[in-house]
Amino acid sequence: MKQALMVATVPSMIGQFNVNNIEILQGLGYKVGVACDFTDRSVWDEGQVDKFIRLLDEKKVNYYQIDFSRNPLKVNANIRAYRQLKKVVKEKGINLIHCHTPVAGVISRIIARKTKTKIIYTAHGFHFYDGAPLKNWIFFYPIEKFLSRWTDVLITINREDYIRAVKKLHAKDTVYVPGVGVDIDRIDNHFSDVEKKRNELGLKREDVMILSVGELSARKNQEIVIKTLGAIGDAKFKYYIAGKGDIKERLMQLAQSTGVDNNVFFLGFRTDVIDLCKAADLFVLPSLQEGLPVALMEAIGCKTKAVCSEIRGNKDLVCSRQQMFNPKSVASLKKCVFENINRESDLIEEKNYEKLRENCDLEKISLRMRSIYESNNS
């Protein structure tokens, strides 16, 4: 039986975004394995990792502990990860590797070169992009340019990365697949008791619920929303953040120093994101860097009013500049919040929804991924 290996630094990348790809590979006759650092707790806690492992067992997917570090400068840790992963590839006779995340992507492609294994790399947003810090270009761009020569298929998920990859990189095949897909029919058919959910969240009828979904990190930039809440100075504006991460304490301190600590709520990791989106008056994605954000896609799928930072990836999903703001400017976000909260027409939401269904529906993405896998069937 043909052997495929799905590789990422952390299990959440596979569990949240690649279970569908595992099922596609199984449908093509592959025995599939997953290799990542199952001890990592930066995104998922122990319960979520255990749940993912149970899912892999149910699907008869092998899984392998690889001691990846998310920090590319931790050389010893990543040498160890290289040796562990190479052993798996050789001993299991892997025919196809599909890798994700920068560190795992580097290590996997070196191993694929050494073992003559087919390799697909999905770039979930290059670290070098228009407006990226110079250090990102100095460090990440040369590595990616060199390793692209050892890449059978480079999958890019937004238009900016695709154009740059075609012009500047050297993969044997470069393709554009707009993200991991969203099951829009599931969202449409999901009944959500909005009033009940808002009551659970402690909202009054006159309150304005602002929602963000994502890891608590500097890159996700929830700080700008908290600062903007302070600038708005209206107690009826409530900010809910779904996600976990390393900067929770910092965000809590910022809310306190800004005087809005009673208006900012940390929900942790949630499984009811669709219900939260449908209950929200406004979804805000303030990120400084994105590939193609699933959180924004889900909000659009719910037809929730949504605003986002004017950056790569986000631009591919929204139709109106009225929805975008400068992620480093409180004034820009404040203006954007009021323009959209007070907007009576839902024409923008309908246009975004139709664009999402046309480009990012899960069924269409699945057909595209199946075609890629079939074309690289060893």
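Everything below is about the structure shown above.
Residues numbered from 1 in each chain as written. Predicted model: local features only at pLDDT ≥ 70, side-chain atom pairs only at ≥ 80, totals over all residues. Heavy atoms only, no water.

Undergrad: Summarise helix 16 (residues 347-360); cite the residues concerned and give the values.
TA: Since the α-helix packs 3.6 residues into each turn, any two residues three or four apart lie on the same face. Between its terminal C-alpha atoms helix 16 stretches 19 Å, which fits the 20 Å expected from 14 residues at 1.5 Å a residue. By the burial criterion, the buried members of helix 16 are Ile348, Glu349, Asn352, Tyr353, Leu356 and Cys360. Along the long axis of helix 16, the arc covered by the buried residues comes to 130°, so they all point the same way. In the core, the buried residues of helix 16 are packed alongside helix 8 (184-189), helix 13 (294-301), strand 12 (306-309), helix 14 (314-317) and helix 17 (362-375). (Helix = DSSP H or I, 4+ residues; strand = E, 2+ residues; numbered from the N terminus. Expected span 1.5 Å × (residues − 1). Buried < 20%, exposed > 50% of the residue type's maximum accessible area, 1.4 Å probe, protein only. Arc of directions from axis to C-beta. Contact = heavy atoms within 4.5 Å.)

Undergrad: I'd like to hear about the packing of aromatic side chains, residue by residue, with values.
TA: Evaluation of the coordinates by the stated rule reveals 12 aromatic pairs. Seen from their ring centres, Phe38 and Phe52 are 6.3 Å apart, and the 25° between their planes marks the pair as stacked. With Phe38 in the loop between strand 2 (30-36) and helix 3 (46-58) and Phe52 in helix 3, this pair connects stretches of sequence that are 14 residues apart. Judged on exposure class, the residue Phe38 and its partner Phe52 are both buried. Ring geometry for Tyr162 and Tyr176: centres 6.0 Å apart, planes at 45°, overall tilted. Here Tyr162, found in helix 7 (residues 159-168), pairs with Tyr176, found in strand 7 (residues 173-176); they are 14 residues apart in sequence, far enough to count as distant. Note on Tyr162: relative accessible area 30%, which makes it partly exposed. Members of the aromatic cluster, joined through ring pairs, are Phe38, Trp44, Phe52 and Tyr63. Just above the ring of Tyr30 sits the side chain of Lys2; from NZ or CZ to the centre is 4.5 Å. (Phe/Tyr/Trp six-rings, centres within 6.5 Å; stacked < 30°, edge-to-face > 60°. Lys NZ or Arg CZ within 6 Å of the ring centre and 35° of its normal.)

Undergrad: I'd like a description of the sheet that holds strand 13 (residues 324-325), backed by residues and values.
TA: Pairing is parallel across the open sheet formed by 6 strands, whose spatial order is 10-9-8-11-12-13. At either end of the open sheet lies a strand with only one pairing partner, and these are strand 10 (264-268) and strand 13. Across the sheet, helix 10 (residues 222-232) touches strand 8 (208-213), strand 9 (237-242), strand 10 and strand 11 (282-285), and the angle it forms with strand 9 is around 170°. (Pairing = 2+ DSSP bridges. Axes fitted to C-alpha atoms, helices over the stretch in contact; angles between N-to-C directions.)

Undergrad: Can you explain unusual backbone geometry? Please cite residues and give values.
TA: In the Ramachandran plot, Lys60 falls in the positive-phi region, its phi being about 55° despite a non-glycine side chain. Relative to the elements of secondary structure, Lys60 occurs in the loop between helix 3 and strand 3 (62-65). Phi angles above zero are rare outside glycine, and Thr101 is one such case at about 70°. Locating Thr101 in the fold gives a position in the loop between strand 4 (96-100) and helix 5 (102-115). Classification of Thr101 as buried rests on a relative accessible area of 14%.

Undergrad: Can you break down the environment of Glu200 residue by residue, with the values?
TA: Positionally, Glu200 belongs in helix 9 (residues 194-200). Once the C-alpha coordinates of Glu200 and Leu211 are considered, the two residues, 11 residues apart in sequence, prove to be 15 Å apart. One polar contact links Glu200 to Lys197, side chain to side chain, over a distance of 3.1 Å. (Polar contact = N/O pair within 3.5 Å; in protein donor to acceptor, adjacent residues only side chain to side chain.)

Undergrad: Go over the pairing of strand 4 with me, naming the residues and quoting the values.
TA: In terms of burial, strand 4 is largely enclosed, as 5 of its 5 residues are buried. In terms of strand pairing, strand 1 (residues 2-7) meets strand 4 through 4 bridges, oriented parallel. Looking across to strand 4, one finds that Val7 is bridged to Cys99. Two elements, strand 4 and strand 5 (residues 118-123), share 5 bridges in a ladder whose sense is parallel. Within the sheet, the bridge partner assigned to His100 lies in strand 5 and is Thr122. In this view, the connection linking strand 4 to its parallel neighbour strand 5 by way of helix 5 has right-handed handedness. (Right-handed = clockwise from strand over helix to strand, strands pointing away.)

Undergrad: Give me the lowdown on the packing of helix 2 (residues 19-27) against helix 17, citing residues and values where you can.
TA: Each pair of packed helices can be described by the angle between their axes along with the distance between the axes. Where helix 2 contacts helix 17, the two axes come as close as 10 Å, and the packing angle between them is 50°. Relative to helix 17, the element helix 2 lies oblique. In this structure, the crossing between helix 2 and helix 17 has a hand that is right-handed. Contact with helix 2, carried on its side by Asn20, Asn21, Ile24 and Leu25, involves Leu362, Ser366, Met369, Arg370 and Tyr373 of helix 17 and no other residues of that element. Residue composition of the contact of helix 2 with helix 17, grouped by class: 5 nonpolar, 3 polar and 1 charged. (Parallel < 35°, antiparallel > 145°, perpendicular 65-115°, else oblique. Left-handed = near helix turned anticlockwise from the far one by under 90°. Nonpolar A, V, L, I, M, F, W, Y, C, P; charged D, E, K, R; others polar.)

Undergrad: So what's going on with the nonpolar core? Which residues, and what values?
TA: Counting 36 residues, the largest nonpolar core has Met209, Leu211, Phe283, Leu296, Met297 and Leu317 as its most contacted members. Mapped onto this core, the elements with two or more residues apiece are helix 8, strand 8, strand 9, helix 12 (273-279), strand 11, helix 13, strand 12 and helix 16. By residue number, the principal contributor to this core is helix 13, which donates 6 residues. With near-sequence residues (within four places) excluded, Leu211 lies in contact with Tyr239, Tyr240, Leu276, Cys277, Ala280, Leu282, Phe283 and Val284. Formed by 33 residues, the second largest nonpolar core is a distinct cluster that contains Val10, Tyr30, Val49 and Ile53. (Core = buried A, V, L, I, M, F, W, Y, C linked by side-chain atoms within 4.5 Å.)

Undergrad: How would you summarise the pattern of salt bridges if you had to cite specific residues and measurements?
TA: It is possible for side chains bearing opposite charge to pair when their charged atoms get close. Evaluation of the coordinates by the stated rule reveals 23 salt bridges. Taking the shortest distance from any N to any O, the salt bridge between Arg321 and Glu310 comes out at 2.6 Å. Placement of Arg321 in the loop between helix 14 and strand 13 and of Glu310 in the loop between strand 12 and helix 14 is noted, with a sequence separation of 11 residues between them. With its nearest N and O atoms 2.9 Å apart, the salt bridge here joins Glu349 to Arg343. For the residue pair Glu349 and Arg343, the accessibility class agrees, reading buried in each case. One continuous salt-bridge network, built from bridges that share partners, spans Lys197, Glu200, Arg270 and Asp272. (Salt bridge = Lys/Arg side-chain N within 4 Å of Asp/Glu carboxyl O.)

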